[in-house]
Protein chains: 2
Amino acid sequence: MFGKVIDELIDSLRCLPGVGPKSAQRMALHLLERDRKSASRLANAIANAAEKIGRCELCRIFSETKECEICGNHRREQRQLCVVETPADLFAIEQSGSYRGRYFVLLGHLSPIDGIGPAEIGIDQLLQRLSDEDIEELILATNLTVEGEATAHFIGERALALGVQVSRIAHGVPLGGELEYVDGSTLLHAFSSRKRL
Amino acid sequence: MFGKVIDELIDSLRCLPGVGPKSAQRMALHLLERDRKSASRLANAIANAAEKIGRCELCRIFSETKECEICGNHRREQRQLCVVETPADLFAIEQSGSYRGRYFVLLGHLSPIDGIGPAEIGIDQLLQRLSDEDIEELILATNLTVEGEATAHFIGERALALGVQVSRIAHGVPLGGELEYVDGSTLLHAFSSRKRL
């Protein structure tokens, strides 16, 4: 009803996560009303990223170059490798500053029902790296979902067979989490993985 | 930290209303991870709109053409003119289907402190239309804020002086609104504008 060009803009904005018809309309009107310059800049940034961003050949994260900044950084611990499901997970870990080694991004998890097997999430490539490189510890940081656990288990078995030390990040009650509001399965985990003082 | 191209994308996305650093990052990763095609389409749509969309010469709404669809539609009531502050207000009225006349969009409200006077929000152009065209009723649908009320009052006075019939949309308790949760000034309005049955 706003004319072809605006309708197309509103419709396109809906490809963004968490943007429904109302927000898309608000965004479109905002861009047109107040922010033509930012609009052009945004259009360029999206087109540029969609065209230029590829994947790091080593860890499969998004990168402009063949090797990403993390893999190319020789000051990082070369003998630790952390397996995560998505780039967002990697960025969350990086932002927390809790890890100084390198990564391997699966870009998904094992899900036979959807036809996603080990090859689709690069496990072959990962195992190849474990054989070729001198990796001391493989840290499994997949999510604590059924699929994430299955994926961690699968990779763990293979890595152990290659003689690599494997660990899984700890799961339990989050910091500042009040027991009252923590869900049952997290509590179950927290109890079964309790540490002796 | 994600590399120049992605950082620029995340930063650009923040020009959208309601998008903070976290959502911008999520949007950027989503576009790169799953939706390269939609990303290119979105980039085109934004660039296209930023370049092509101008304003209707009659009512000042966004339009690809010199005269918008509403002003060009001769089946609409030609003798009613509704004054709104923003295009979003116009679209909200259109979507409700409560009005079949034409519009005039101020693109703001009187705000002397910010240097926004009658000329900046097109009141001269509006009064010119009232003199030139055969308008029977001018409906003031500016917001019920201090500025919106002042703007409505200012336009109302001028229009009355030109011999045009002027009305203001009704304000009061919204449909389905429970009195308990309605704010005091709305209740005050609802009482002072009460209708005799």
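Predicted model only: the values in this text are computed from it and were never measured.

With that settled, the discussion passes to the interface of chain B and chain A. Every contact between the two is made by 50 residues of chain B and, on the other side, 50 residues of chain A. Of the roughly 4800 Å² buried between chain B and chain A on both sides combined, carbon and sulfur atoms contribute 70%. Two residues, Arg41 of chain A and Asp11 of chain B, come together in a salt bridge whose shortest N-O distance is 2.9 Å. For the interface between chain B and chain A, the tally reads 16 residue pairs in polar contact (both at pLDDT 80 or more). Here the side of chain B that touches chain A gets 13 residues from one element, more than from any other, and that element is helix H3 (residues 36-52) of chain B.

Attention now goes to the domain arrangement of chain A. For chain A, the domain assignment lists domain 1 (4-52) and domain 2 (75-168). Taken over C-alpha atoms, the centre of domain 1 of chain A sits 35 Å from the centre of domain 2 of chain A.

Another aspect to go through is the pairing of strand E5 (residues 137-140) of chain A. Residues and elements named next belong to chain A. Residues Glu137 and Ile139 line one face of E5 and the alternating positions Leu138 and Leu140 line the opposite face, and both faces are buried. Bridge count between strand E3 (residues 80-84) and E5: four bridges; the pairing is parallel. Across the sheet, the residue bridging to Val83 is Leu140, located in E5. In the sheet, E5 pairs with strand E6 (residues 165-168) via four bridges, with the strands oriented parallel. The residue of E6 that forms the bridge with Leu140 is Arg168. For the crossover from E5 across helix H7 (residues 146-161) to E6, the handedness is right-handed.

Residues and elements named next belong to chain A. Strand order in the open sheet formed by four strands is E4-E3-E5-E6, with parallel pairing between adjacent strands. Pairing within the sheet leaves two strands with one partner each, and these edge strands are strand E4 (102-105) and E6. Direction aside, the axes of adjacent strands within the sheet are offset by 25 degrees on average. Bridge analysis of E3 against E4 gives four bridges, and the strand direction is parallel. Bridging from a neighbouring strand, Val83 pairs with Phe104 of E4. Contacts between helix H6 (residues 123-132) and the sheet are confined to E3, E4 and E5, with E4 contributing the most and set at about 150 degrees to the helix.

Each of the two chain copies goes to the other by way of a rotation about an axis and a shift along it. For the pair chain B and chain A, the superposition axis carries a translation of 0.0 Å, the fit reaches an RMSD of 0.1 Å, and the rotation angle comes to 180 degrees. Such a combination of rotation and displacement between the chain copies is what one expects of a two-fold axis. When each C-alpha of chain B is compared by its distance to the rotation axis, Ala43 of chain B comes out closest, at 2.1 Å. Both copies contact each other with a shared surface, as 100% of the interface residues of chain B are interface residues in chain A too.

Right, let's get into the packing of helix H1 (residues 4-13) of chain A against H3 of chain B. Two numbers describe how H1 of chain A lies on H3 of chain B: the axes approach to 9 Å, and their chain directions differ by 145 degrees. Note that H1 of chain A runs across H3 of chain B; the crossing there is left-handed. Taken together, the residues of H3 of chain B that come into contact with H1 of chain A (itself represented by Val5, Glu8, Leu9, Asp11, Ser12 and Leu13 of chain A) are Arg41, Leu42, Ala45, Ile46, Asn48 and Ala49 of chain B. When the residues that make up the contact of H1 of chain A with H3 of chain B are grouped by side-chain class, the tally is seven nonpolar, two polar and three charged.

The biggest cluster of nonpolar side chains holds 80 residues, and the ones touching the most others in it are Ile46 of chain A together with Ile46 of chain B. Other than its neighbours up to four places away in sequence, Ile46 of chain B contacts Leu9, Leu31, Ala39, Leu42, Ala43 and Ile46 of chain A.

Packed helix pairs are specified by the crossing angle of their axes together with the interaxial distance, meaning the distance between the axes. Residues and elements named next belong to chain A. The interhelical angle for the contact between H1 and helix H2 (residues 21-34), taken along N-to-C directions, is 125 degrees, at an axis separation of 8 Å. The orientation of H1 with respect to H2, classified from their angle, is oblique. With respect to the hand of their crossing, H1 and H2 are arranged in right-handed fashion. For the pair formed by H1 and H2, the contact residues are Ile6, Leu9, Ile10 and Leu13 on the first element and Pro21, Ala24, Gln25, Met27, Ala28 and Leu32 on the second. In the contact of H1 with H2, the residues fall into nine nonpolar, one polar and no charged.

Residue and element names in this part refer to chain A. All told, the structure shown has two aromatic pairs over all chains when counted by the stated rule. Pairing Tyr99 with Tyr103 gives two aromatic rings, centres 5.2 Å apart and planes at 70 degrees, and the pair type is edge-to-face. In this structure Tyr99 comes out as buried when scored by relative accessible area, which is 9%. Taking the relative accessible area as the measure of exposure, Tyr103 reaches 1% and is therefore buried.

Residue and element names in this part refer to chain A. Tallying each qualifying case throughout the model produces 16 salt bridges over all chains. In this structure, Arg79 and Glu136 form a salt bridge, with 3.2 Å as the shortest nitrogen-oxygen distance. Pair noted here: Arg79 is in the loop between helix H4 (69-72) and E3 and Glu136 is in the loop between H6 and E5, with a separation of 57 residues, a long-range link. Under the relative-accessibility criterion, Glu136 is labelled partly exposed at 44%.

Time to look at the sheet that holds strand E6 (residues 165-168) of chain B. Residue and element names in this part refer to chain B. The strand order across the open sheet built from four strands is E4-E3-E5-E6, with neighbouring strands paired in parallel fashion. What marks the edges here is a single partner per strand, and that holds for strand E4 (102-105) and E6. Between one strand axis and the next, the sheet turns by 25 degrees as a mean value, whatever way the strands run. Here helix H6 (residues 123-132) sits on the sheet in contact with strand E3 (80-84), E4 and strand E5 (137-140), set at roughly 150 degrees to E4. Across the sheet, helix H7 (residues 146-161) touches E3, E5 and E6, and the angle it forms with E6 is around 165 degrees.

Reading guide: rules and limits
Residues numbered from 1 in each chain as written. Chains lettered and ligands numbered in written order. Predicted model: local features only at pLDDT ≥ 70, side-chain atom pairs only at ≥ 80, totals over all residues. Heavy atoms only, no water. Contact = heavy atoms within 4.5 Å. Buried area = accessible area lost by both parts, 1.4 Å probe. Salt bridge = Lys/Arg side-chain N within 4 Å of Asp/Glu carboxyl O. Polar contact = N/O pair within 3.5 Å; in protein donor to acceptor, adjacent residues only side chain to side chain. Helix = DSSP H or I, 4+ residues; strand = E, 2+ residues; numbered from the N terminus. Domains from an automatic or database assignment. Buried < 20%, exposed > 50% of the residue type's maximum accessible area, 1.4 Å probe, protein only. Pairing = 2+ DSSP bridges. Right-handed = clockwise from strand over helix to strand, strands pointing away. Axes fitted to C-alpha atoms, helices over the stretch in contact; angles between N-to-C directions. Least-squares fit on C-alpha atoms with pLDDT ≥ 70 in both. Left-handed = near helix turned anticlockwise from the far one by under 90°. Nonpolar A, V, L, I, M, F, W, Y, C, P; charged D, E, K, R; others polar. Core = buried A, V, L, I, M, F, W, Y, C linked by side-chain atoms within 4.5 Å. Parallel < 35°, antiparallel > 145°, perpendicular 65-115°, else oblique. Phe/Tyr/Trp six-rings, centres within 6.5 Å; stacked < 30°, edge-to-face > 60°.

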